[in-house]
Amino acid sequence: MAITQSQPSTRPHSAKSRAWHWGVLIAAVALVPLIVVQILVARAGPILKGRVVETLRARFGSDVQLDSLQVSISRQLSVTGTGLRIFPPPELVAAGDATPVIAIGRFDFEAPFSGLMFKPMHIGAVRVRNLAINVPPANMRRLARSHERQLGKVKIKVDTIVCEDSQLVIGTDKPDKDPRVFSLRHVVLHDVGPQVGWPFDALLTNPVPEGEIHAIGTFGPWNTESPGDSKVNGKYQFEHADLNSIRGLGGILRSTGTLDGQLDRIAVRGETWVPDFSLDTANHPMPLSTSFAAVVDGTTGDTYLHQIDATLGSSRFSCSGAVVNVKGRGHNINLKVDVPDGKIQNLLKLVVKSEPAEMSGVVTANAAMDIEAGDQSVSKRMKMKGSFSVQAIHFTDPALEDKIDILSLRARGETDNLKPGAPDVTSRMTGEFDMGRGELHFSRLDYSLPGGEIHLKGAYTLEGRRYDFVGHVRTKAELSQMVASKWKRILLKPLDPFFSKHGAGAEIPVRISGANGKPRFGLHF
């Protein structure tokens, strides 16, 4: 009888094998996303770095360097770059200007994964820190314009750029000019593209006078080869500008206005308010308001003032002129000033230390004013030359007014009541002056009152500390008719022919001197 040995069953072993294979497959499937992510991370950095560099090269037509670009992945791509530099066109580098046109300390943005597969890549917002824009001088920009270049395709489009702690420097090839430096504390650019204007919202720190400018509008498109031709328009607010940062001035300025044009020729219209404007010659705060129209060259800092209509206290006047940048020193200010119908007491209160103002009246004046660049007080740097007329003069010091009233009575020969309290007289003053270093020099100062005229020349300090005038008084009455005493009239009668000159009853040499608002009148032989 044959005995048959049975074969062991393979089913358990096959089941285990299949389970193991399934486990390996599941693990592989689970690892695939991780592997893909690792590949994306590894590839995304070089891809994005290349696109950033190529886009900027296409936009600026020059060399671009990027020190590092890091990519991390969560729900989307998170990108951080450092050390981005955009250099001038090759011909400028060859000419010796290798300073980067744009340098960025750090930037970061986020983008969807799909951005790696589609061109151009779309980015919502780029955040930039420590941006420095250096615009070459005009001669270098002209050299760049003389070379045609082919620009590549833009591979990244950005909706918004947010810049913090930035600086714009506009170079100059003029030996008497300083580069223009603008501190940009916060700037937001929208819809950034190479062929369209960029809407912006910016906070700028103005160095002199110190204050903060908030501007909104449209800038560009940026003209790489000639930044001065880049368009700009918008409106601004200049708040809390401290005029005390300019030696010799005082007050807090506020200004609003509009701007339109191109960077090297911006038409600006606006208004300013200074409720407490003062000069250090007097330190008497006064309200000052202006409306103005000007053209600003943003590449040099020169400002051409076409028209300024101003009100100081209750006096109106107008100005025109220029504010010109001077290398290493600041700005020269040249103005023509016209006062058609002002109040002399307002002008005296602003510039003269003594208070109240020594006279009141209606003033008309024309003058040329120059304020040289420098570190000294404005009053020390200011020069002015012109002519003026003051009508309906009244002196605020009762004692001085009494002297003028009595002088008028004597000049008319009315000597019955030569004592304080005589009726006030109206008088008029005209003159030509030259002001500098806190002193007014009068080449001609004519003062007329009922019965007489006074013709003087001399100097007066703005602090009111010193008077020094010489000249003569011409009267209607003769010398002997100007005294009340009959005996004095008799004694002076023989002298009348010696003093009666040029058609006047008497012509008497006089001198006016004194200090601290207290002039003294005397004869001057």
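Residues numbered from 1 in each chain as written. Predicted model: local features only at pLDDT ≥ 70, side-chain atom pairs only at ≥ 80, totals over all residues. Heavy atoms only, no water.

S.K.: Sorry if this is basic, but what is going on with the overall build of the chain here?
M.R.: A tally of helices and strands in the chain yields eight helices and 24 strands. The buried share of the chain, reckoned over its 525 residues, is 43%. On the chain, roughly 28,400 Å² of surface is accessible, and the fraction owed to carbon and sulfur atoms is 58%. (Helix = DSSP H or I, 4+ residues; strand = E, 2+ residues; numbered from the N terminus. Buried < 20%, exposed > 50% of the residue type's maximum accessible area, 1.4 Å probe, protein only. Areas by Shrake-Rupley, 256 points an atom, 1.4 Å probe, with all protein chains shown as cover.)

S.K.: What exactly am I supposed to notice about the pairing of strand E20 (residues 439–449) here?
M.R.: Taken residue by residue, a regular strand's side chains alternate between the two faces of the sheet. Summarising the sheet, strand E19 (residues 427–436) and E20 pair through nine bridges and their orientation is antiparallel. Its bridge partner lying in E20, Glu 432 is registered against Arg 444. Linking E19 to E20, which pair antiparallel, is a turn of two residues; within it Arg 437 sits at a positive phi near 55 degrees. Note: E20 against strand E21 (residues 452–461), nine bridges, orientation antiparallel. (Pairing = 2+ DSSP bridges.)

S.K.: Which parts of the structure should I look at to understand the layout of surface pockets?
M.R.: In this approach, a probe sized like a water molecule rolls over the atoms, and the result shows the empty space that is left. By volume, the second largest pocket amounts to about 520 Å³. Lining of the second largest pocket is provided by 18 residues; of these, Leu 407, Arg 410, Val 510, Phe 521 and Leu 523 occupy positions nearest its centre. For the lining of the second largest pocket, the secondary structure elements donating two or more residues are helix H6 (398–412), strand E22 (467–475), strand E23 (506–515) and strand E24 (518–523). Examining the composition of the lining of the second largest pocket, we find that five residues originate from one element, H6, more than from any other. (1 Å grid on protein atoms, 1.4 Å probe; cavity = no way out; pocket = protein on both sides within 12 Å on 5 of 7 lines; lining within 4 Å. Points joined across faces, edges and corners; volume = space filled by probe spheres on them.)

S.K.: For this particular structure, what's the right way to read the side chain of Thr 303?
M.R.: The topology assignment puts Thr 303 in strand E14 (residues 303–312). Given a relative accessible area of 17%, Thr 303 falls into the buried group. Sequence-distant contacts of Thr 303, defined by excluding residues within four places in its chain, comprise Ala 294, Val 295, Val 296, Gly 321, Ala 322 and Val 323. (Contact = heavy atoms within 4.5 Å.)

S.K.: What am I meant to see in the pairing of strand E4 (residues 121–135) here?
M.R.: Summarising the sheet, strand E3 (residues 102–111) and E4 pair through seven bridges and their orientation is antiparallel. Paired with Ala 103 across the strands is Ala 132, a residue of E4. With twelve bridges connecting them, E4 and strand E5 (residues 156–170) associate as parallel partners. Residue pairing across strands places Val 135 opposite Ile 170, the latter belonging to E5.

S.K.: Is there a simple way to think about the packing of aromatic side chains in this case?
M.R.: Aromatic rings in a pair are described by how distant their centres are and how their planes are angled relative to each other. Per the counting criterion, the structure on display carries six aromatic pairs. When the centroid spacing of 6.1 Å and the interplanar angle of 70 degrees are considered together, the rings of Phe 388 and Phe 442 count as edge-to-face. Placement of Phe 388 in strand E18 (residues 382–395) and of Phe 442 in strand E20 is noted, with a sequence separation of 54 residues between them. No difference in accessibility class separates Phe 388 from Phe 442, as the two residues are buried. Look at Tyr 460 and Tyr 467: their rings are 5.2 Å apart centre to centre, the planes differ by 45 degrees, and that puts the pair in the tilted class. For the pair Tyr 460 and Tyr 467, one class covers both residues: buried. Of the aromatic side chains, those joined through ring pairs into one cluster are Phe 388, Phe 433, Phe 442 and Phe 469. (Phe/Tyr/Trp six-rings, centres within 6.5 Å; stacked < 30°, edge-to-face > 60°.)

S.K.: What am I meant to see in unusual backbone geometry here?
M.R.: Most peptide bonds adopt trans geometry, and most residues besides glycine take a negative phi value. Despite not being glycine, Asn 130 shows a phi value in the positive range, around 55 degrees. You will see that Ala 392, though not glycine, has its phi angle at about 50 degrees, which is positive. Structurally, the position occupied by Ala 392 is in strand E18.

S.K.: How should the pattern of salt bridges be read in this particular structure?
M.R.: Side chains that differ in sign of charge can pair as their charged atoms come close. Going through the model one piece at a time under the given rule, you end up with 14 salt bridges. One salt bridge in this structure joins Arg 57 and Asp 63, with 3.6 Å as the shortest N-O distance. Close ionic contact of Lys 383 with Glu 372 constitutes a salt bridge, the shortest N to O distance being 3.4 Å. Of this pair, Lys 383 sits in strand E18 while Glu 372 is found in the loop between strand E17 (359–371) and helix H5 (378–381), placing the two residues eleven residues apart along the sequence. A network of salt bridges, in which partner residues are shared, links Glu 432, Arg 444 and Asp 446. (Salt bridge = Lys/Arg side-chain N within 4 Å of Asp/Glu carboxyl O.)

S.K.: What's the story with H6 in this structure? I'm lost.
M.R.: One turn of an α-helix holds 3.6 residues; hence residues three or four places apart share an orientation. Helix length check: H6, at 15 residues, gives a terminal C-alpha distance of 21 Å against a target of 21 Å (1.5 Å per residue), a fit within 8%. Listed as buried for H6 are Leu 400, Glu 401, Asp 402, Ile 404, Asp 405, Ile 406, Ser 408, Leu 409 and Ala 411. Looking at the buried side of H6, the elements it contacts are E18, E20, E21, E22 and E24. Where H6 begins, the side chain of Asp 397 points an oxygen toward the backbone nitrogen of Ala 399, at a separation of 3.1 Å. After H6 finishes, the residue Gly 413 shows a positive phi value of roughly 80 degrees. (Expected span 1.5 Å × (residues − 1). Polar contact = N/O pair within 3.5 Å; in protein donor to acceptor, adjacent residues only side chain to side chain.)

S.K.: Sorry, what's going on with the confidence of the model for the chain here?
M.R.: Parts of the prediction with low pLDDT should not have their coordinates interpreted in detail. A residue-level look at the chain finds 81% of positions with pLDDT of 70 or above and a mean pLDDT of 81. The least confident element of the chain is helix H3 (residues 138–145), whose mean pLDDT is 57; the most confident is E17, at 94. Segment residues 1–6 is flagged for pLDDT under 50; beyond a separation of four residues in sequence, or across chains, it makes zero contacts in the model. (pLDDT = per-residue confidence, 0-100.)

S.K.: Looking at this structure, how should I read the environment of Leu 400?
M.R.: Within the fold, Leu 400 resides in helix H6. A residue is classified by how much of its surface remains accessible, and Leu 400, at 12% relative accessible area, is buried. For Leu 400 and Pro 519, which are 119 residues apart along the polypeptide, the C-alpha to C-alpha distance reads 8.3 Å. Excluding anything up to four places from it in sequence, Leu 400 contacts Phe 395, Pro 519 and Phe 521.

S.K.: Looking at this structure, how should I read the environment of Val 53?
M.R.: The residue Val 53 is located in helix H1 (residues 11–60) in this model. Dropping the residues within four chain positions of it, Val 53 is found in contact with Val 64 and Leu 66.

S.K.: Looking at this structure, I do not really get the side chain of Asn 346. What am I missing?
M.R.: Among the secondary structure elements, Asn 346 is positioned in helix H4 (residues 344–351). Classification of Asn 346 as buried rests on a relative accessible area of 11%. Among the polar contacts listed, one links the side chain of Asn 346 to the side chain of Ser 315, at a separation of 2.6 Å. Discounting chain neighbours no more than four positions away, the residues touching Asn 346 are Met 286, Leu 312, Gly 313, Ser 314 and Ser 315.

S.K.: Where do I start with the environment of Gly 452 in this structure?
M.R.: Along the chain, Gly 452 falls in strand E21. Given the relative accessible area of 9%, Gly 452 is considered buried. When the C-alpha positions of Gly 452 and Ala 411 are compared, they lie 5.5 Å apart, and in sequence the two are 41 residues distant. Non-local contacts of Gly 452, meaning those with residues more than four positions away in its chain, are made with Ala 411, Tyr 447, Arg 474 and Thr 475.

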